[in-house]
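Single-letter residue listing:
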Amino acid sequence: MAFYNRKKLELQEALAKLEAAENRVRELESDFQAIEQAVAVLVMTQDGIIERANDRFRDVLGYEPDDLVGQHHRIFCDSDYAKSEDYIRFWRELVTCNVKQGSFQAIHADGYDVVLDALYSPVKGEQGISKRVIAVIGASQRAVPKSI
């Protein structure tokens, strides 16, 4: 009987931990949804493949919902820049968990250049290497053609 009671107690403790973890996941999902309502968000793999772009992000750069997932981040870049050492360094720094913040040139879906104020934040994985990168564009950001 003691064995049964101990196993029952262990099971109850495990269920309580599982419930607490599920509650924490729901809380984090709610937090992320609140952030996505306020700002443009782009989620990418560590090597720049787009996993998700929220409505605000797509609106800022003029893309349709299915246009971005599976594409590489370079879709937003001038082709010369996308081949440059600077772009390689940019991603190397993100992979090693260095946050990048500032004004970044991007190409709107309609083909014109825009400048976006953005924050690229790596999500740290094991051994200090990012497992994904989240790009955030400020709430008031709008795609405006770059001045000539």
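For the structure itself, consult the block above.
In this report, we go over the structure that sits alongside the text. (Residues numbered from 1 in each chain as written. Predicted model: local features only at pLDDT ≥ 70, side-chain atom pairs only at ≥ 80, totals over all residues. Heavy atoms only, no water.)

1. Observations concerning the nonpolar core
Thinking step 1. Among the nonpolar cores identified, the biggest contains 26 residues, and Leu42, Met44, Phe57, Leu61, Phe76 and Tyr120 are the most heavily contacted of them.
Thinking step 2. Contributions of two or more residues to this core are made by strand 1 (40-45), strand 2 (50-53), helix 2 (55-61), helix 4 (85-95), strand 3 (100-107), strand 4 (113-124) and strand 5 (130-137).
Thinking step 3. The residues contacting Met44, other than those within four sequence positions of it, are Ile49, Ile50, Glu51, His73, Trp91, Tyr120, Arg132, Val133 and Ala135. (Core = buried A, V, L, I, M, F, W, Y, C linked by side-chain atoms within 4.5 Å. Buried < 20%, exposed > 50% of the residue type's maximum accessible area, 1.4 Å probe, protein only. Helix = DSSP H or I, 4+ residues; strand = E, 2+ residues; numbered from the N terminus. Contact = heavy atoms within 4.5 Å.)

2. Considerations on the sheet that holds strand 1
Thinking step 1. Ordered by their spatial adjacency, five strands build an open sheet running 2-1-5-4-3, and the pairing between neighbours is antiparallel. Each edge of the sheet is formed by a strand with only one pairing partner; in this case those strands are strand 2 and strand 3. Across the sheet, the mean angle separating the axes of adjacent strands is 30° when strand polarity is ignored.
Thinking step 2. Bridging between strand 1 and strand 5 involves six bridges; their strand directions are antiparallel. Residue pairing for strand 5: Ala40 is matched across the bridge by Ile137.
Thinking step 3. Where helix 1 (residues 2-38) meets the sheet, it contacts strand 1, strand 2 and strand 5, and its direction lies at approximately 120° from that of strand 1. (Pairing = 2+ DSSP bridges. Axes fitted to C-alpha atoms, helices over the stretch in contact; angles between N-to-C directions.)

3. Here's the deal with the environment of Glu51
Thinking step 1. With respect to the helices, strands and loops of the structure, Glu51 is situated in strand 2.
Thinking step 2. C-alpha of Glu51 to C-alpha of Phe90: the two residues are 39 residues apart in sequence and 19 Å apart in space.
Thinking step 3. Other than its neighbours up to four places away in sequence, Glu51 contacts Val43, Met44, Thr45, Val69 and Arg132.

4. Comments concerning helix 4
Thinking step 1. By the burial criterion, the buried members of helix 4 are Tyr87, Phe90, Trp91 and Leu94. Taken down its axis, helix 4 places every buried residue within 90° of arc, on the same side.
Thinking step 2. On its buried face, helix 4 is in contact with strand 1, helix 3 (79-82), strand 3, strand 4 and strand 5.
Thinking step 3. After helix 4 finishes, the residue Cys97 shows a positive phi value of roughly 70°. (Arc of directions from axis to C-beta.)

5. A few points about unusual backbone geometry
Thinking step 1. Residue Cys97 is not a glycine yet carries a positive backbone phi of 70°.
Thinking step 2. Within the secondary structure layout, Cys97 lies in the loop between helix 4 and strand 3.
Thinking step 3. With a phi close to 60°, Gln127 is a non-glycine residue in the positive phi region.
Thinking step 4. Considering the arrangement of structural elements, one finds Gln127 in the loop between strand 4 and strand 5.

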